[in-house]
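One letter stands for each residue in the lines below.
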Amino acid sequence: MSGHSTYQPQHPFMKWMERRLPIAGLVYSSFIAYPTPRNLNYWWTFGGILTVMLAAQIITGVVLAMHYTPHVDFAFNSIEGIMRDVNYGRLLRYLHSNGASMFFIAVYVHIARGMYYGSYKEPREVLWILGVIIYLLMMATGFMGYVLPWGQMSYWGAVVITNLFSAFPGVGEAIVTWLWGGFAVGNPTLNRFFSLHYLLPFVIAGVVVLHVWALHVVGQNNPTGVEPKTDKDTVAFTPYATVKDAFFLICFFLLYGWFVFYIPNYLGHADNYIPANPAVTPAHIVPEWYYLPFYAILRAIPDKLMGVLALGGSILILAFLPWLDTSKVRSARYRPLYRQFFWIFIATVVGLGYLGSKPPEGGYVIAARILTIYYFAHFLIVLPLLGLFEKTKPLPNSISESVLKDGEPIGASAPAKG
Amino acid sequence: MKMQKLALAIVLAVGFALPAQAAGETEHPPRVKWSFAGPFGLYDRAQLQRGFKVYREVCQACHSLSLLSFRNLAEPGGPGFTEAQARVIAEEYRVQDGPNDAGEMFERPGRLADRFPKPFPNDNAARAANGGALPPDMSVIAKARTYERGFPWFLFDIVTQFQEQGPDYIVALMNGYEDPPQGFQLPPGSHYNKYFPGHAIGMPKPLSDGQVTYDDGAPQTVDQYAKDVTAFLMWAAEPHMEARKRIGFQVMIFLLVFAGLMYFTKKKVWADVHAHP
Amino acid sequence: MTSSTAAEPNRRDFLYIATGAVGAVGAAAVAWPLISQMNPDASTIAAGAPIEVDLTPIADGQVIKVFWRGKPIFINHRTAKQIKEAQDVNLALLPDPQPDSERVKKGHEQWQVLIAICTHLGCIPLAHQGEYDGYFCPCHGSVYDTSGRIRQGPAPLNLALPPYEFLSDTKIKIG
């Protein structure tokens, strides 16, 4: 997608084609000859895993839609029909429902890797922001997908999340009624969620194309954070990156298979096997695990509008990360202090996730408040100040130098292993 | 590194230890040894047949099983009835059909393709007949009930594949009827159950020793009845579990072989890069 | 082509602006039906017509739940003690101050009619629970008093009141 193609078609048809639609040349330059830093570790394979998971979700989703009925009276039983009667329906449904979780596991690793190695820094800001947009679209898609089985948690999740919009003064109620298409969550809501749940993955695919395009303009970051300088620093995407991605993808599939075949309901909620009942609120409404940290932030704040704003802010703040982190050094390998704060931040998010699954009472609320404050402090205080005061370790001159000396001291200090 | 660990400890303490005060309340159901647990678990055919007998003779009067068809009884991975046996069972039920040529609904004996008929025509009729409490449908109830595992057990469950919280809860519920403790205000029309959330359950104690006759020599006790009917309900909720685990094993073996091959391919491809930097 | 400047719009600029404006109006006119279709449709609005409720069977201290427009409505037959508690609250202490007299119909203080949807995130509160013998939301722990006013927890507002009127002493019309 960037640079000039070195692709030289041999076959007369390919020559003919290349003059009219140079798609073979595009593929060649983007996915075969494309120079990849030679020192990428396995954390860099998650981009490829995510692409495969998106494709897997779209394919299983399209076939599930052939058997699903988006109507409040039939949705629950049509899913059970898929589970009981459709050929391989139970497999496809479990692949799709667990696939959503695997997708989020991969995206969280992908985001954390970007944060650890400073992949959002100049000139990759747009690449990063496109990633935040993909993440937001994934959250919307996942939420609407969870509503479709029309179980108790589906229904009440939809009630709680759509009600977030009622926090806005004046227009809130009108927005919520507009979202519902009625005076409560009901059949119009289910229908439009199905429509959008089908649409959004293709929008995600479109933004992914932009994300990959931006990646190919600026090139991949790498564990040293030092840009490739010579041919010695890079290898060709195919076969080197391809085969590495493929190996780790299969390892990832082992995890995916573990959930799908052995504990397919582990990541779901028992309540969602109870058909939706607008007259009975479950004792304990919990969103899917991948929203839990943000749910904890929402509930940590006693004021409704402020809670909703904090929830939105906690995600949107990611888009400003390239400017909040003031350090000139990209990789945490050479930032001893940042490395520690990074792991504290990860622990904070995990802690918030745990608290999001707990009832909002007593110590849980206090703990959630402390961690919420730290979550924002990480972005608004720690990162800007670290860039100013942190004493970073000397960077290697090039990627190949760091690879050669791997395991030996670089400069004066010990190498940092991520 | 020291500071890192200290900070981590603080965060974990804030996240996990501080709220520990909120723990407690209802006792967890005891673990039951299930034949269908684990990666190679299979249903015990005789147990499913006994459980079906308990369902028919006890639960069926109030609880529907609306997602199950008679044909399911003869499907592989199930209770192991022959198709002829399933047909006989189906014919013992009256199923509403119609309208006929005169425009009227009529009843006929069940067929294999029919679903289990519901005991009440609608939810309100079921409530009216049961003192306002709705007996839930039992088709997926084994997956619709659970209890909180708590930290750190829920993490271990990923590895041990423990996922029988629902069945354990149902067995505990059947065994959990007792006299209310001193000072417990039992609302009228409800019964005290040790394991029911809130303890006041609408359903009277459904099982008693010797209530259902087994002809395979299994003990005719409440505990055995509870386990048998729960195994049957687990099968009803997840009728293709055996096939799922069997395919899963094949897939895992395939992936392991593929991953091994891919690993050595990757090493081979990268060998020249490592040799000539 | 470059004769015009920003300071001196001429006739050609006006033409461009007018064309652009008409195009924008057209785009907005096309967008509106696409947005508006998501609002409640005619049948939904029709199904939201007023309902009548007979109050005779509701005993002293009992709360019943009816549905109007898909929303649960609590009708609470309050006891004399509950009414007194609701009236004797120091309004200055309330997050959303409102006297009990504004939340019931005059002369029918024992009847409290409110929309049983927690103003926090829309769960259904439980009646006769919580510290104030009013309503308690199990989702995020908001506590309401016997007048349906928010007393504790994350909910910002008192429980909303549906439009209703007394047709007679024992019959109300909601809607």
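Keep in mind the model is a prediction, meaning the values are calculated, not measured.

A. Summary view of the overall build of chain C. When helices and strands are tallied, chain C shows 3 helices and 10 strands. Each helix (α) and strand (β) of chain C, taken in turn from the N terminus, gives the series α-α-β-β-β-α-β-β-β-β-β-β-β. A globule of 175 residues ought to have a C-alpha radius of gyration of about 16 Å, yet chain C, at 26 Å, is considerably larger. Dimensions along the principal axes, computed over C-alpha positions, put chain C at roughly 85 × 40 × 30 Å. Across the 175 residues in chain C, those meeting the buried criterion constitute 37%.

B. Highlighting the layout of surface pockets. Residue and element names in this part refer to chain A. Quantified by volume, the second largest pocket comes out at close to 1,200 Å³. Around the second largest pocket, the lining is made up of 50 residues, and of these G47, G48, T51, H110 and L215 lie nearest the centre. For the lining of the second largest pocket, the element with the highest residue contribution is helix α9 (residues 187-218), accounting for 8 residues.

C. The packing of helix α8 (residues 172-180) of chain A against α9 of chain A, seen in detail. Residue and element names in this part refer to chain A. Relative to each other, α8 and α9 sit at 75°, their axes nearing to 7 Å. On the basis of the axis angle, α8 is roughly perpendicular to α9. Contacts between α8 and α9 involve W178, L179 and W180 from the first element and P188, T189 and R192 from the second. Of the residues belonging to the contact of α8 with α9, the class tally is 4 nonpolar, 1 polar and 1 charged.

D. Structural detail: the interface of chain A and chain C. In this complex, chain A contributes 25 residues to the contact, which on the side of chain C involves 25 residues. Surface buried jointly by chain A and chain C totals about 2,100 Å² across both partners, of which 65% is contributed by carbon and sulfur atoms. Together, W178, F183 and K304 of chain A form the three largest contributors to the area buried by chain A at its contact with chain C, with a combined 35%. Here chain A and chain C share 0 salt bridges between them.

E. Seen up close, the packing of helix α6 (residues 125-147) of chain A against α9 of chain A. All names here are of chain A. With their axes 8 Å apart at the nearest point, α6 and α9 run at an angle of 160° to one another. As judged from the angle between their axes, α6 and α9 are roughly antiparallel. Where α6 crosses over α9, the handedness of that crossing is left-handed. Broken down by class, the residue content of the contact of α6 with α9 amounts to 23 nonpolar, 5 polar and no charged.

F. Looking closely at the arrangement of the chains. Counting contacts across all 2 pairs of chains that touch, the top pair turns out to be chains A and B. With no contact formed, the shortest span from any C-alpha in chain B to any C-alpha in chain C equals 13 Å.

G. Quick look at the sheet that holds strand β4 (residues 111-115) of chain C. Residues and elements named next belong to chain C. The antiparallel open sheet is built from 3 strands, whose spatial order is β2-β3-β4. One side of each edge strand has no neighbouring strand; the edge strands of this open sheet are β2 (63-68) and β4. Sheet twist, expressed as the mean angle between neighbouring strand axes with direction ignored, is 25°. The pairing of β2 with strand β3 (residues 71-77) spans 6 bridges and is classified as antiparallel. Each bridged residue has a counterpart across the sheet, and for F67 the counterpart in β3 is P72.

H. View of the pattern of salt bridges. Residue and element names in this part refer to chain B. Across all of its chains, the model carries 29 salt bridges over all chains by this definition. A salt bridge links R56 to E92, with the nearest nitrogen and oxygen atoms 2.3 Å apart. Of this pair, R56 sits in helix α2 (residues 45-57) while E92 sits in the loop between α3 (83-91) and β1 (94-97), and the two are 36 residues apart along the sequence. We classify R56 as partly exposed; its relative accessible area is 27%. Residue classification places E92 among the partly exposed positions, given a relative accessible area of 49%. Between R108 and D97 there is a salt bridge, with the nearest N and O atoms lying 2.8 Å from each other. Of this pair, R108 sits in strand β2 (residues 106-109) while D97 sits in strand β1, placing them 11 residues apart in sequence. According to the relative accessible area criterion, D97 is partly exposed, its value standing at 25%.

I. Here's a closer look at the domain arrangement of chain C. Annotation of chain C at the domain level lists domain 1 (1-39) and domain 2 (45-174). Between the C-alpha centres of domain 1 of chain C and domain 2 of chain C the distance comes to 51 Å.

J. Looking closely at the interface of chain A and chain B. With 52 residues of chain A at the interface, the matching set in chain B holds 58 residues. Across the chain A to chain B interface the summed buried area is about 5,300 Å²; carbon plus sulfur atoms make up 69%. It is R84, F261 and Y262 of chain A that lose the most area in chain A upon contact with chain B, and together they represent 16% of the buried surface on that side. Seen at the junction of chain A and chain B, the total is 2 salt bridges. Taken together, chain A and chain B are joined by 16 residue pairs in polar contact (both at pLDDT 80 or more). Elements that contribute at least two residues to the side of chain A that touches chain B include exactly α4 (75-84), α5 (89-116), α10 (237-262), α14 (336-356) and α15 (362-389) of chain A. The element best represented in the side of chain A that touches chain B is α10 of chain A, accounting for 16 residues. Classifying every residue of the side of chain A that touches chain B by side-chain character gives 36 nonpolar, 6 polar and 10 charged.

Criteria and thresholds
Residues numbered from 1 in each chain as written. Chains lettered and ligands numbered in written order. Predicted model: local features only at pLDDT ≥ 70, side-chain atom pairs only at ≥ 80, totals over all residues. Heavy atoms only, no water. Helix = DSSP H or I, 4+ residues; strand = E, 2+ residues; numbered from the N terminus. Rg over C-alpha atoms; globule rule 2.2 N^0.38 Å. Buried < 20%, exposed > 50% of the residue type's maximum accessible area, 1.4 Å probe, protein only. 1 Å grid on protein atoms, 1.4 Å probe; cavity = no way out; pocket = protein on both sides within 12 Å on 5 of 7 lines; lining within 4 Å. Points joined across faces, edges and corners; volume = space filled by probe spheres on them. Axes fitted to C-alpha atoms, helices over the stretch in contact; angles between N-to-C directions. Parallel < 35°, antiparallel > 145°, perpendicular 65-115°, else oblique. Contact = heavy atoms within 4.5 Å. Nonpolar A, V, L, I, M, F, W, Y, C, P; charged D, E, K, R; others polar. Buried area = accessible area lost by both parts, 1.4 Å probe. Salt bridge = Lys/Arg side-chain N within 4 Å of Asp/Glu carboxyl O. Left-handed = near helix turned anticlockwise from the far one by under 90°. Pairing = 2+ DSSP bridges. Domains from an automatic or database assignment. Polar contact = N/O pair within 3.5 Å; in protein donor to acceptor, adjacent residues only side chain to side chain.

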